[in-house]
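Chain residues, written in single-letter form:
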Amino acid sequence: MSDLVYVLNGPNLNLLGTREPTIYGSTTLGAINGMLASRAGELGLRVQCHQSNHEGVLVDWIHEAHGKAARAILLNAGAYTHTSVALLDAIKAVTVPVIEVHLSNPHTREPFRHTSYIGQAARGTIAGFGARSYLLALEAAAGL
């Protein structure tokens, strides 16, 4: 099994640290990526981190992870979680397990956030632990 884990982040996650810190925390995406790289090394894994505000780019990276036989994909699809059939179909089309990640707990927020297209095809979901959600998801990926 590959030691490569893709970490994919969707729209507006490039603004972490300044965007609604009361909801998403003050940790930047760069800091999260650094924490993931460090923990991945301890777990004998490698991470490849990406962020895009464009749905099709995220689909392309899911396909790429499949082509590279990645161990797992950690996916924080942001708002696309609740709207993207394209991401759902991409996840269903590949054999790489996807772990859905959220900084906040969508079920404690607005009703439209209670539906997750990603969760319909993901191996599991980790949500509500801030930046630590990513580390918990990486540990789950290590156990696959």
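Here the structure is shown first, and the text comes after it.
To keep things clear, this report deals only with the structure shown in the data block. (Residues numbered from 1 in each chain as written. Predicted model: local features only at pLDDT ≥ 70, side-chain atom pairs only at ≥ 80, totals over all residues. Heavy atoms only, no water.)

### With respect to the packing of helix α2 (residues 29-43) against helix α5 (residues 132-142)
The cut-off we apply is this: Working convention: axes come from line fits to C-alpha atoms, limited for helices to the stretch in contact. Angles between N-to-C directions cover 0 to 180 degrees. In this description a helix means any DSSP run of H or I spanning at least four residues, a strand means any run of E spanning at least two, and both kinds are numbered starting from the N terminus. Roughly parallel here means an angle under 35 degrees, roughly antiparallel means over 145, roughly perpendicular means 65 to 115, and every remaining angle is called oblique. Less than a right angle of anticlockwise turn of the near helix away from the far helix marks a crossing as left-handed, whereas a clockwise turn marks it as right-handed. What makes two residues a contact is simply this: any of their non-hydrogen atoms within 4.5 Å.
Across the interface, α2 lies against α5 with an axial gap of 10 Å and an inter-helix angle of 30°. When the interaxial angle is binned, α2 and α5 end up roughly parallel. With respect to the hand of their crossing, α2 and α5 are arranged in right-handed fashion. Side by side, α2 and α5 meet where Ile32, Met35, Leu36, Arg39, Ala40 and Leu43 of the first sit next to Tyr134, Leu135, Leu138, Glu139 and Ala142 of the second.

### Quick word on the pattern of salt bridges
Rules: Here, a salt bridge means any Lys or Arg side-chain nitrogen found within 4 Å of an Asp or Glu carboxyl oxygen. Only protein chains enter the accessibility calculation, which uses a 1.4 Å probe; a residue is then buried when its area is under 20% of its type maximum, exposed when over 50%, and partly exposed in between.
Here the structure, examined in full by the defined rule, presents four salt bridges. Here Arg39 ties to Glu42 by a salt bridge, and the two come within 2.9 Å at their closest N and O atoms. Remark: Glu42 and Arg39 occur in helix α2; sequence separation between them is three residues, near one turn of the helix. On the basis of relative accessibility, which here comes to 25%, the residue Arg39 falls in the partly exposed class. For Glu42, a relative accessible area of 58% corresponds to the exposed category.

### Topic: the side chain of Arg71
The condition that has to hold: Counting rule applied: Lys, Arg positive; Asp, Glu negative; His and chain ends not counted. In protein, a polar contact requires one atom able to donate a hydrogen and another able to accept it; more generally it is a pair of N or O atoms within 3.5 Å, and residues adjacent in sequence count only if both atoms are side-chain atoms.
Mapping Arg71 onto the fold places it in the loop between α3 (55-67) and β3 (72-76). Here Arg71 occupies a buried position and makes no salt bridge, while the nearest side chain of opposite charge, Asp3, is found at 7.2 Å. In terms of polar contacts, Arg71 uses its side chain to reach the backbone carbonyl oxygen of Ser2, at 3.1 Å. From its side chain, Arg71 meets the backbone oxygen of Leu144 in a polar contact 3.0 Å long. Residues within four places of Arg71 in sequence aside, it is in contact with Met1, Ser2, Asp3, Leu4, Val5, Leu45, Val96, Pro97, Ala141, Ala142 and Leu144.

### Considerations on the sheet that holds β3
In sheet architecture, strand pairing relies on hydrogen bonds along the backbone and comes in two forms, parallel and antiparallel. Selection rule: Here a strand pair is declared whenever DSSP counts at least two bridges between the two strands.
Ordered by their spatial adjacency, five strands build an open sheet running β2-β1-β3-β4-β5, and the pairing between neighbours is parallel. The sheet is open, and its two borders are formed by β2 (46-51) and β5 (124-127), each paired with just one other strand. Recorded for the sheet is a direction-independent mean angle of 20° between the axes of neighbouring strands. By the bridge criterion, three bridges tie β3 to strand β4 (residues 98-102) in an arrangement that is parallel. Residue pairing in the sheet places Leu74 in a bridge with Ile99 of β4. This element, α3, spans β1 (4-9), β2 and β3 of the sheet and lies at about 175° to β1.

Geometric descriptors of this kind do not, in isolation, establish any biological role.
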